[in-house]
Amino acid sequence: MTWRRPHRPDSADLLSVLGQLTARAREGAELQQARVQLAEALQRELLPASLPALPGLRAAARYAPARRGLDIGGDWYDGFRVPGGALAFSIGDVQGHDVAATAFMGQVRVCLRAVGAVVTDPGEVLGKANEVLLAMDSELFATCTLLRFDPHTGELASARAGHVPSVWATADGRYGIAEYDGGPPLGTVPDVRYAVTRRRLVEAGSIVLLTDGVVEGPSFPIDEGLDRVLHLVRGAAGGDPDELAADVMKVADSTGHADDAAVLVLSHDGHDGPDSSDGPGSGEPDARVTPGPEGPAVV
C-alpha cells in the first residue's frame with residue numbers, strides 16, 4: 001500500500017480562502033455598522049433641534065452615544081409647549097440597544113407630546129401614555145421623567161416612571177436628589193397611577209434630569225455618580241444651563257459608561273408672583289407629593 005501525502009493548498013489557495021473570509025467578515029461588520037449609523041441618524045432626527053424657553057426659565061441638553069461601538073441606545077430628552085402657556089420637558093431611557101429601541105424611543109416621545117397636548121397633569125400623562133404603549137404589544141419598555149412648568153404660578157409639577165431621580169440646587173444654598181415616589185416603567189404594568197410632585201420655584205436655581213448612562217458605569221455605583229452631579233449643580237445653581245449640561249456630561253466620561261447618556265438642565269429665576277409667599281415649594285424639602293387622579297400611586 002502506498003501512502004500518499006495529503007494535498008496541501010499552495011500559498012495562492014490560502015490567500016484566496018483568507019480573502020473570502022475577510023470579505024465576509026467585512027460585509028458583516030459593514031452591515032452592522034450601517035445599522036448603527038442608521039439608528040444614530042434616526043435618533044438625531046428624533047431628538048429636538050432646540051428646546052423651548054420662557055422668561056425666567058432656560059433649558060439646555062446634551063447627548064452622548066453608547067461606547068460599545070455597535071450598541072445603539074434609546075435615551076432621549078424633549079421639551080415642548082403645552083396649553084395654558086406652560087412648558088413640558090421629558091427625559092427617558094428605552095430598554096434595549098438596537099434599531100427597535102431607537103424606533104420605540106420615537107414612539108414614546110411622540111406619545112408623550114400627543115397626550116400632553118390635551119392633559120395637564122404629568123402623572124395622568126404618564127398613565128395614559130403607559131396604556132397606549134401597552135396596547136402596542138411591544139416587548140420593550142421605557143423609564144421616564146416628565147415635568148410641567150407653569151409660568152403664571154412658578155409651579156413645577158413632575159412625575160416619574162421608574163427613572164433616575166433628578167438633582168437640584170438653589171442659589172440660596174439648598175440642594176438635593178429628588179427621590180420622590182413614582183411608578184413602574186412605561187409599558188410594563190396596566191392601570192398605573194403616577195404620583196405628582198409639585199413645588200413653586202421661588203428661589204433661582206437649577207434642576208438636572210439625566211439618564212443612568214451619565215451616573216453609572218460598569219464598576220461605578222449610581223449613588224456616587226449622583227453625588228458628583230449634585231456637587232456640580234450646587235456650584236452652578238441658577239447659572240448658564242448649557243455650561244452646566246456640558247459639565248454634567250463629563251461625569252459620564254469619568255464613570256466609564258458603556259450605555260448612551262442624556263442630560264437635560266433647567267435653570268430658573270425666582271418667582272415672585274402672588275402665590276409664591278404663602279405656599280409650599282420655596283425649596284425642594286417643602287414640595288408636595290399628590291397621588292394620581294384616581295388614587296394613590298403605585299410605588
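Structure shown above.
Here's what I pulled together on the structure shown here.

## With respect to the overall build of the protein
Then, number 1: Looking only at helices and strands, one finds 6 helices and 11 strands in the protein.
Then, number 2: In the protein, which comprises 299 residues, the proportion classed as buried is 48%.
Then, number 3: Put simply, the protein shows about 14300 Å² of open surface, and 53% of that area lies on carbon and sulfur atoms.

## Regarding helix α5 (residues 222-236)
Then, number 1: For α5, which comprises 15 residues, the first-to-last C-alpha distance of 21 Å matches the rise-based estimate of 21 Å (1.5 Å per residue) to within 8%.
Then, number 2: Those residues of α5 that sit buried are Gly225, Leu226, Val229, Leu230 and Val233. Summarising the axial view, the buried residues of α5 lie within an arc of 140°, below the 170-degree limit, and thus occupy one face. Every exposed residue of α5 that faces more than 90 degrees away from the buried side is listed here: His231 and Gly235.

## Overview of the sheet that holds strand β6 (residues 166-170)
Then, number 1: Pairing in this open sheet of 5 strands is antiparallel, and the strands run β1-β10-β9-β6-β7 from one edge to the other. Since the sheet does not close on itself, it has two edges, and those belong to β1 (57-64) and β7 (175-178), each with one partner. Strand-to-strand, the axes of this sheet are offset by a mean angle of 15°, without reference to chain direction.
Then, number 2: Both β6 and strand β9 (residues 205-210) contribute to a ladder of 4 bridges, which runs antiparallel. Pairing of Val167 across the sheet is with Val208, part of β9.
Then, number 3: Against the sheet, α5 contacts β6, β7 and β9, and its axis sits at roughly 30° relative to β6.
Then, number 4: Across the face of the sheet, helix α6 (residues 241-255) comes into contact with β1, β9 and β10 (261-268) while running at roughly 30° to β1.

## So, the packing of α5 against α6
Then, number 1: Axis separation between α5 and α6 bottoms out at 10 Å; the angle between their running directions is 160°. The angle between α5 and α6 places the two elements in the roughly antiparallel class. Of the two possible hands of crossing, α5 and α6 adopt the one that is right-handed. Between α5 and α6, the residues in contact are Gly225, Arg228, Val229, Leu232, Val233 and Ala236 and Leu244, Asp247, Val248, Val251 and Ser254, respectively.

## A look at the side chain of Thr170
Then, number 1: Structurally, the position occupied by Thr170 is in strand β6.
Then, number 2: Beyond its immediate stretch of four places on either side in the chain, Thr170 contacts Glu203, Ala204, Gly205 and Ala237.

## Description of the packing of aromatic side chains
Then, number 1: Throughout the structure, instances matching the rule amount to 0 aromatic pairs.
Then, number 2: Above the plane of the ring of Trp168 lies Arg199, whose end atom (NZ or CZ) is 5.5 Å from the centre.
Then, number 3: In this structure, Arg234 is placed above the aromatic ring of Tyr175, and the distance from its NZ or CZ to the ring centre is 3.8 Å.

Conventions and cut-offs
- Residues numbered from 1 in each chain as written.
- Predicted model: local features only at pLDDT ≥ 70, side-chain atom pairs only at ≥ 80, totals over all residues.
- Heavy atoms only, no water.
- Helix = DSSP H or I, 4+ residues; strand = E, 2+ residues; numbered from the N terminus.
- Buried < 20%, exposed > 50% of the residue type's maximum accessible area, 1.4 Å probe, protein only.
- Areas by Shrake-Rupley, 256 points an atom, 1.4 Å probe, with all protein chains shown as cover.
- Expected span 1.5 Å × (residues − 1).
- Arc of directions from axis to C-beta.
- Pairing = 2+ DSSP bridges.
- Axes fitted to C-alpha atoms, helices over the stretch in contact; angles between N-to-C directions.
- Contact = heavy atoms within 4.5 Å.
- Parallel < 35°, antiparallel > 145°, perpendicular 65-115°, else oblique.
- Left-handed = near helix turned anticlockwise from the far one by under 90°.
- Phe/Tyr/Trp six-rings, centres within 6.5 Å; stacked < 30°, edge-to-face > 60°.
- Lys NZ or Arg CZ within 6 Å of the ring centre and 35° of its normal.

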